[in-house]
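Architecture and fold: a report
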Amino acid sequence: MISLDTSALRKALLSETDQLAELYLSADPKTPIPTCPDWNLANLIAHVGGGNRWAAAMIAERATEFLEFELVPDVRRPRELEEADRWLRAGARAVIDSVDLMGSDVPVWTPFGSARPAEWWVRRRLHEASVHRADALLALDRELDIAPEIAADGLSEFLEIVEKGPRFETPLDEGASLRLRTIDTDDTWAILRSGDTITWSDSQAPASLTVQGTAVDLFLLLVRRIPADNPRVQTSGDLSILTTWLERIKF
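Residues numbered from 1 in each chain as written. Predicted model: local features only at pLDDT ≥ 70, side-chain atom pairs only at ≥ 80, totals over all residues. Heavy atoms only, no water.

**Here we look at the overall build of the protein**
Inclusion rule: Per the convention used, a helix needs a DSSP run of H or I reaching at least four residues, while a strand needs a run of E reaching at least two, with both numbered from the N terminus. This radius of gyration counts C-alpha atoms alone. The globule rule is 2.2 Å times how many residues there are, raised to the power 0.38. To sort residues, take the accessible area from a 1.4 Å probe on protein chains only and compare it with the maximum for the residue type: under 20% means buried, over 50% means exposed, and anything in between is partly exposed. The criterion used for residue contact is that any of the two residues' heavy atoms lie within 4.5 Å. Per-residue and other accessible areas were derived by the Shrake-Rupley procedure at a 1.4 Å probe size, with only the shown protein chains allowed to occlude residues. Here Asp and Glu are counted as negative and Lys and Arg as positive; His is not counted, and neither are the chain ends. Every charge is mapped onto a representative atom, which is NZ of Lys, CZ of Arg, CG of Asp or CD of Glu.
When helices and strands are counted, the protein shows 7 helices and 7 strands. Helices and strands in the protein line up, N terminus first, as α-α-α-β-β-α-α-β-β-β-β-α-β-α. For 251 residues, the compact-globule estimate of 2.2 N^0.38 gives 18 Å, and the C-alpha radius of gyration of the protein, at 18 Å, lies within 12% of that figure. Taken over the C-alpha atoms alone, the protein extends approximately 50 × 40 × 30 Å along its principal axes. Counting over 251 residues, the protein shows a buried share of 52%. When contacts within the protein are restricted to residue pairs at least 6 apart in sequence, long-range pairs at least 24 apart make up 68% of them. Taken as a whole, the protein presents about 11,400 Å² of accessible surface, with 48% of it coming from carbon and sulfur. The averaged location of the 41 negative side-chain charges in the protein is 2 Å from the averaged location of its 27 positive side-chain charges.

**Details of the packing of helix α1 (residues 6-26) against helix α4 (residues 120-139)**
Which entries qualify depends on this criterion: Geometry is summarised by axes, namely lines fitted to C-alpha atoms with helices restricted to the contacting stretch, and by angles between N-to-C directions that run from 0 to 180 degrees. Here the word oblique covers every angle except those under 35 degrees (roughly parallel), over 145 (roughly antiparallel) and from 65 to 115 (roughly perpendicular). For a crossing to be left-handed, the near helix must be turned anticlockwise from the far one by less than a right angle; the clockwise case is right-handed. Only Asp, Glu, Lys and Arg are considered charged, only Ala, Val, Leu, Ile, Met, Phe, Trp, Tyr, Cys and Pro nonpolar, and every remaining residue, Gly among them, polar.
For the pair α1 and α4, the least separation of the axes is 9 Å and the interaxial angle reads 30 degrees. Looking at the two axes, α1 sits roughly parallel to α4. The hand of the α1/α4 crossing is left-handed. Within the contact between the two elements, α1 uses L9, R10, A12, L13, E16, T17, Q19, L20 and L23 and α4 uses V122, R123, R125, L126, A129, S130, H132, R133, A136 and L137. Broken down by class, the residue content of the contact of α1 with α4 amounts to 10 nonpolar, 4 polar and 5 charged.

**A closer look at the packing of helix α2 (residues 41-60) against α4**
Interhelical geometry of α2 versus α4 gives an angle of 180 degrees and a closest axis separation of 10 Å. Classified by the interaxial angle, the pair formed by α2 and α4 is roughly antiparallel. Between α2, through L41, L44, H47, V48, G51, N52, W54, A55, M58 and I59, and α4, the contact on the second element is made entirely by W121, R125, E128, A129, H132, D135 and A136.

**Notes on the layout of surface pockets**
Where we set the bar: Cavity: a set of points on a 1 Å grid over the protein atoms alone where a 1.4 Å probe fits but cannot get out. Pocket: an open set with protein on both sides within 12 Å along at least five of seven lines, its lining residues, like those of a cavity, having an atom within 4 Å of a point. Grid points are joined across faces, edges and corners, and a volume is the space filled by probe spheres set on the points.
Each pocket or cavity is described by its volume, and for the largest pocket that value is around 530 Å³. Lining the largest pocket are 24 residues; nearest its centre among them are H47, W54, R125, E128 and H132. Within the residue set of the lining of the largest pocket, elements represented by two or more residues are α2 and α4. Counting residues per element, the lining of the largest pocket draws most heavily on α4, at 7 residues. Partitioned by chemical class, the residues of the lining of the largest pocket number 11 nonpolar, 6 polar and 7 charged.

So yeah, pure geometry; function would need other evidence.
Structural data, given as structure tokens:
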């Protein structure tokens, strides 16, 4: 399975954010975002940019508890378009700068259980940006041009969150297994239930349900951006396993 190294994750965070900013500059800020009900493009930009500033502030303060958004400087999106563009791009850089200033191993609060090393937030903010850039691309009916290696890493990161975090209901019933296979990066995730959570590996063993597609499509499927019956993904086995998974995992 693809796993991006620290340098690649940092580069991708900046790149995905820059591309999201370019979308914002080129489209109507009032464009509705169907995959994020009640949001428009301006709301989406506010969410991503504010989230980056919030993460950077938590790292800078070595926060071990949730930090209220209202306490974060410049957390609100500027109203003027070009100023908002600069604000969004600078927020991603602020995450990386905060990690470098405080140290990559400093424990910082996360919404998924225990504190994690500060560098963890770079990967988290990358995939927040990549998912929401996909939201914008889908809303604007543009090509889903996320790099396969970023999508594959995003899929792995999502499974790690589900596996280790207390936020979700167990997505697999007893005895059910799910196998994901990408047709472009040749990665496999074999997912099993383990107690009240899941475990996963790159095993090639048969599963109750196998789902195949590009890395981008499988990533977007798991984070509920495309439906289980999307023609871009192929399934073999008990489709109810995927239906149950998607009902229980709301990110």
